Amino acid sequence: MKYIIIGLVILLVIIIIAIINKGTNGGTRGNTGGNRPHPPTNRPLPTRPIPKSQTLDQIINGLTDAKDNTAVRDDIILVATKKTHQTTKRIKEYAPTSLDLGIDSLMVQVNQLMIYANRIAGNAHPNNFRKGSNNFTYNNNLWYRAKMAGVAFSQAADLVQNILNQLHKIDLKNVSSSDRQKIMQLKANDGLVALKRDLNDHAEMMFRTNKTLKELIRKHCGKGGAKWAKKMDKHGKEARLKAERKRRWG
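So, here's what we can say about the structure. On a predicted model such as this, the values are computed, not experimentally measured, just so you know.

1. Notes on the overall build of the protein
Scanning the protein from terminus to terminus reveals 8 helices and 0 strands. In sequence order, the secondary structure elements of the protein are arranged as α-α-α-α-α-α-α-α. Taking as baseline every contact in the protein between residues at least 6 positions apart, the subset at least 24 positions apart corresponds to 80%. As displayed, the protein has an accessible area near 16100 Å², and 55% of this comes from carbon and sulfur atoms.

Next up, the structure:
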C-alpha cells in the first residue's frame, strides 16, 4: 500500500509538471527568447488597387499628392502641355454662349490634368526618382497616379468626342449666324478635333511614364520592387489579352 501511494504521488507530480510546461510553451512562447517565432519573410509590399471605374472628377481629385516636388521637368510633356493650353484657350473663345455644351467645365478639368501630368512626370524622372526599398510606397503611389492620369486623359478625349457628336446633330439652319460660325470653328481641325488628338497624346505619354516608373521600381527598390514589377508585367499582359479579345469578339 505504501508503494502504491508513493507511485500515485510521483505520477501526480509528473502530470503537474507536464501541465506547467505545456502552459509555458504554448501560452507565452512569443515572450521567451528560445521559443520566439521567426518573423515572416518575403512580406508583400503594399500596393494601391486600381478602381474598375471612376468619373473624371474623382480621378482628378485623386491625382494630387503633398509629397510631390517637381525638381525635374519633363521637356516633352512640358512642350505638349503648352500646345494643349493654346488649344483649350482657342476652344473657349469658340464656344457658343447660347448652347450648354459643358465646354468651360471640361476645359477646367483638362487644365488641371495637365498640371498634374507635369508634376507626376517631373517626380517620375530618373534624376528625381526616389531610390530604395523604403521609398517603394511613394513610388508605387506615383506609378498609380501616372496610370490614372492616362485614364483621365482618355476619358477627357471621350468627352470631347461626345461634344463633337452633339455638334454634328445640330441643324445649323436653326441657329444664329454667330453661333453657326462658332460651331463650325469648334468642329474644325484646329478646334475640338485638335484637342481630342492632344488629349490622346497626353494619355499615351502618361502611360509611358507609368511604364518607366515600373522599370525604375524594378531596378531601384530591392527584391520587393522587382517582385512587384514582375507581378505588374503579368497583370499588364492579361489586361492586353483581355482588351484584344474584346476588340475581336466583343
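Structure shown, so let's carry the discussion forward.
2. What to know about the side chain of N210
Tracing the backbone shows N210 in helix α7 (residues 192–220). Beyond its immediate stretch of four places on either side in the chain, N210 contacts W143, A146 and K147.

3. Quick word on the pattern of salt bridges
Counted by the stated rule, this structure contains 6 salt bridges. Between R145 and D65 there is a salt bridge whose closest N-O contact spans 3.1 Å. One end of the pair, R145, is in helix α5 (residues 136–169); the other, D65, is in the loop between α2 (56–61) and α3 (75–94), and 80 residues separate them in sequence. What makes R145 buried here is its relative accessible area of 1%.

4. Remarks on the packing of α5 against helix α6 (residues 177–187)
Two elements in contact, α5 and α6, have axes whose closest approach is 10 Å; the angle formed by their N-to-C orientations is 140 degrees. Taken together, α5 and α6 sit at an angle that is classed as oblique. Judged by the twist between their axes, the crossing of α5 over α6 is left-handed. Contact residues: α5 offers L164, L167 and H168, while α6 offers I183, L186 and K187.

5. Some details on the environment of D75
Tracing the chain through its elements places D75 in helix α3. A relative accessible area of 54% places D75 in the exposed class. As for D75 and G122, which are separated by 47 residues in sequence, their C-alpha atoms are 9.2 Å apart.

6. Brief notes about the packing of α3 against helix α4 (residues 103–124)
For the pair α3 and α4, the least separation of the axes is 10 Å and the interaxial angle reads 170 degrees. Judged on the interaxial angle alone, α4 and α3 are roughly antiparallel. Every residue of α4 that contacts α3 at I77, L78, T81, T84, H85, T88, I91 and K92 is listed here: I103, D104, M107, V110, N111, M114, A117, N118 and A121.

7. Some points on α3
Taking 1.5 Å of rise per residue, 20 residues should cover 28 Å, and α3 covers 29 Å from first to last C-alpha, within 8% of that figure. What α3 keeps buried is the set I77, A80, T81, T84, T87, T88, I91 and Y94. Viewed end-on, α3 has its buried residues packed into an arc of 135 degrees, placing them on one side of the element. Turned more than 90 degrees off the buried face of α3, the exposed positions are D75, V79, K82, Q86, K89 and E93. Of the surrounding secondary structure, the elements contacted by the buried residues of α3 are α4, α6 and α7. The opening residue of α3, the one whose side-chain oxygen lies 3.1 Å from the backbone nitrogen of I76, is D74.

Criteria and cut-off values
Every residue gets a number counted from 1 within its own chain, in the order that chain's sequence is written. Residue-level local features of this predicted model are given only where pLDDT is at least 70; pairs of side-chain atoms are given and counted only at 80 or more, and the full residue set underlies all totals for whole chains, interfaces and linings. To get the side-chain values, take all heavy atoms of the structure and skip hydrogens and water. Numbering of helices and strands runs from the N terminus; a helix is a DSSP stretch of H or I covering at least four residues, while a strand is a stretch of E covering at least two. The contact rule is simple, with two residues in contact once any of their heavy atoms fall within 4.5 Å. Only the protein chains shown count as cover for residues, with accessible areas throughout obtained via the Shrake-Rupley method and a probe of 1.4 Å. The rule for a salt bridge is simple: a side-chain nitrogen of Lys or Arg has to be within 4 Å of a carboxyl oxygen of Asp or Glu. Note on exposure labels: buried denotes an accessible area under 20% of the residue type's maximum, exposed denotes more than 50%, and partly exposed covers the range between, all computed with a 1.4 Å probe on protein chains only. For helices, the fitted axis covers only the stretch in contact; all axes are lines through C-alpha atoms, and the angles between them, taken along N-to-C directions, range from 0 to 180 degrees. Angle categories are assigned with fixed cut-offs, so that under 35 degrees is roughly parallel, over 145 is roughly antiparallel, 65 to 115 is roughly perpendicular, and the rest are oblique. What makes a crossing left-handed is the near helix being turned counterclockwise from the far one by less than a right angle; a clockwise turn instead makes it right-handed. Expected helix span is taken as 1.5 Å per residue step, with the number of steps being one fewer than the number of residues. The reported arc concerns the directions from the helix axis to the C-beta atoms and nothing else. We define a polar contact as two N or O atoms separated by no more than 3.5 Å, with the added condition that, inside protein, one atom must be a possible hydrogen donor and the other a possible acceptor, whereas residues neighbouring each other in sequence contribute only through side-chain atom pairs.

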